[in-house]
Amino acid sequence: MTLPAPSTASTAVHRLRAEAREAANRCIQCGYCLPVCPTYHSMGKETHSPRGRINLVKAAADGKIDLLDDMAPSLDLCLGCRACETACPVGVPYGQILEAGRAATVRETAARGRSAGRLQTLALKHLFPHPGRLRAAGRLVEAAQRLRLDRLVFAFPPAREAAPALTALGRIVPSVEGRFRLPPGTRLPAEGEKKRTVAFFQGCVMDAVMPRINWLTVELLRKAGCEVVIPAGQTCCGALHVHQGLPEAAAELVKRNLDAFEETGAEWIVNNAGGCGAMLRECGHVLADAGGGWPERAAAFAARSRDISQVLVETGLPPLVKRPEGLVTLQESCHLRNVQKAAEAPVKLLRETAGDRFRALSGASDCCASGGIFNLLHFEESMAILDAKMASVRQTAAVTVVTSNPGCHLQMRLGIRRAGLEDRCRAVHLVEYLAECAGLTAER
Ligand code: SF4
Ligand code: SF4
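For clarity, every value in this text was computed on a predicted model and none was experimentally measured.

(A) Main features of the overall build of the protein chain. A count of helical and extended segments in the protein chain gives 24 helices and eight strands. Here the protein chain holds 444 residues, and the buried ones make up 48% of them. Restricting to contacts in the protein chain with at least 6 residues of sequence separation, those with at least 24 account for 80%.

(B) Highlighting the site of ligand 1. By nearness alone, 14 residues border ligand 1, and C37, P50, C78, C81 and C84 come closest of all. Every element with two or more residues in the shell around ligand 1 is listed here: α2 (38-43), α3 (50-61) and α5 (83-87). Broken down by class, the residue content of the shell around ligand 1 amounts to ten nonpolar, two polar and two charged.

(C) Representation of the site of ligand 2 within the structure. The full set close to ligand 2 counts 15 residues, and C27, C30, C33, R51 and C88 are the nearest of them. When residues of the shell around ligand 2 are traced back to their parent elements, those giving at least two are α3 and α5. Of the residues forming the shell around ligand 2, the biggest block, three residues, is contributed by α3. In terms of residue class, the shell around ligand 2 is built from twelve nonpolar, two polar and one charged.

(D) Looking closely at the confidence of the model for the protein chain. Residues of the protein chain with pLDDT of at least 70 account for 93%, and the chain-wide mean is 91. Note that residues 1-8 has pLDDT below 50 and, in this model, 14 contacts with residues that lie over four places away or in other chains.

(E) The arrangement of the domain arrangement of the protein chain in detail. Annotation of the protein chain at the domain level lists domain 1 (6-111), domain 2 (119-170), domain 3 (178-313) and domain 4 (320-437). A C-alpha centroid distance of 30 Å is found between domain 1 and domain 3. Counting residues at the interface gives six residues for domain 1 and six residues for domain 3. Here the side of domain 1 that touches domain 3 is built from residues that sort into two nonpolar, two polar and two charged.

(F) Spotlight on unusual backbone geometry. Its identity is not glycine, yet A369 carries a phi of approximately 75°, on the positive side. Tracing the sequence through the fold places A369 in the loop between α20 (344-354) and α21 (374-377). Using a count of 28 C-beta atoms within 10 Å as the deciding quantity, one classes A369 as buried. In this structure, A397 takes a positive phi of about 60° despite not being glycine. Mapped onto the secondary structure, A397 falls in the loop between α22 (379-396) and β7 (400-403).

(G) Focus on helix α15 (residues 247-262). Between the first and last C-alpha of α15 there are 22 Å, a value that for 16 residues agrees with the 22 Å anticipated at 1.5 Å per step. Taken together, the buried positions of α15 are occupied by P247, A249, A250, A251, L253, V254, K255, N257 and F261.

(H) A look at the sheet that holds strand β5 (residues 305-307). Strand order in this open sheet of five strands is β1-β3-β2-β4-β5, and the pairing throughout is mixed. The two strands at the open ends of the sheet, each matched to only one other strand, are β1 (186-188) and β5. Neighbour-to-neighbour, the strand axes of the sheet open up by a mean angle of 30°, direction not taken into account. With three bridges joining them, β1 and strand β3 (residues 226-230) adopt antiparallel strand pairing. Residue pairing in the sheet places T186 in a bridge with I230 of β3. Helix-sheet contacts for helix α16 (residues 274-281) involve β4 (268-271) and β5, and the interaxial angle to β5 is about 160°.

Analysis parameters
Just so you know, the residues in each chain are numbered from 1, in the order the chain's sequence is written. Naming scheme: in the order in which they are written, chains are lettered from A and ligands are numbered from 1. Totals for whole chains, interfaces and linings use every residue, but because this is a predicted model, local features are given only for residues with pLDDT of at least 70 and side-chain atom pairs only at 80 or more, for both listing and counting. Helix and strand definitions follow DSSP, with helices as H or I runs of at least four residues and strands as E runs of at least two, each counted in order from the N terminus. Burial in this document is a count-based property: other C-beta atoms within 10 Å of a residue's C-beta are tallied, and the residue is buried at 20 or more, exposed at 12 or fewer, or partly exposed in between, with C-beta positions derived from the backbone. Once C-beta atoms are placed from the backbone, any two residues with those atoms within 7 Å are in contact. Nearness is defined per residue: the C-beta atom, placed using the backbone, must lie within 6 Å of the molecule or strand. Ten residues, namely Ala, Val, Leu, Ile, Met, Phe, Trp, Tyr, Cys and Pro, are considered nonpolar, four, namely Asp, Glu, Lys and Arg, are considered charged, and the remaining ones, Gly among them, are considered polar. Confidence scores labelled pLDDT are given residue by residue by the predictor and lie between 0 and 100. Boundaries of every domain are those given by an automatic assignment or by a domain database. One fewer than the residue count of a helix, multiplied by 1.5 Å, yields its expected span. DSSP-based pairing: two strands are paired if at least 2 bridges between them are found. Angles here are taken between N-to-C directions and fall from 0 to 180 degrees, while the axes themselves are lines fitted to C-alpha atoms, restricted in helices to the stretch in contact.

In structure tokens, the structure reads:
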């Protein structure tokens, strides 16, 4: 073990102590969180359990172990699913400890002049905060798909060997249909009697790669009696930045979103991505010390944020036109369940539309191991967890696996492919499924 030189390590360690020590001290070491932790299950080591990670953060904050060599690798292999928080009897805020640990890792890496994840840092700083650039990237993917270049590249054996995660995930990206992109700065009327005015949060990945799902979301909302505003100036929620240890970059994105959404005067801010929704609900964390009224504005914004499933439970679904064919099951979004505490909303909608064709998935609340970009960074570890989940999917005999987050959606598509279930099972976003039930066809 190499302890950091005080001159370079002191700032990161000091901040880690200030941001996480008190929270970590609340842990009473009971171990109730271990059975719900997917990485503890799959890797079988205390250091890959919530309790183990908390102890490593404590030790690093006290300068007893090295922040980069001893603490960071374990935090790196955490999915951030936050199932551990729901099992904890004393309310240890694991998410806060994890975020502080990752931010300390980034600061320490920079202080020691080490390079780390250059490509991902470049993308987080120069791609995700810029909706125009992301849309251009989406158009590139769309053009490549039209010319079938993606299949050519991803089927190329050297590409598979050089970047197995990228090629595996690249092959299951759904067709990008740019014609469905929503025009920013528009206000679309409710169909029939207006019940509410809502503002739609498009998300960066959803807007770039899955615009058809966003379009269907807005159409469903309108059919359910909502006037929908699509604010110009909105941007990425910052969740990926926080998870990768860049809270300052996330704070700038949150501020832009507050400016964009406050102008609309909408009662609710609606999103269709569990991970983004969790960040919208917790956006105040990155502005806690900002002053200037930002924390209060963030709190008001968070209180108005809702997942699409919660809104549709509240407004009522559009009339059911078509019952689903075959059995339907649900893979839950960890962040919808564990952070937004709204797990029951999608289940209610599925029971209402599928009736006795709905089958609960054993372990539905267990993370699918998409974990933001965990599956890209730790492909083998992610696939071990995913393959175990697919055994449960097979048991349900479902032909439709419903998801409510883009990362889970892609991961379940990959799982179906890996399990050889492609000819009898599909993964869809909840919005796609509900649109089918409402007889909505994505044509424009
Ligand atoms: S966030 Fe998920 S993977 Fe990480 S320690 Fe908690 S339960 Fe385990
Ligand atoms: S359940 Fe809570 S108190 Fe118990 S070990 Fe896990 S984090 Fe610590």
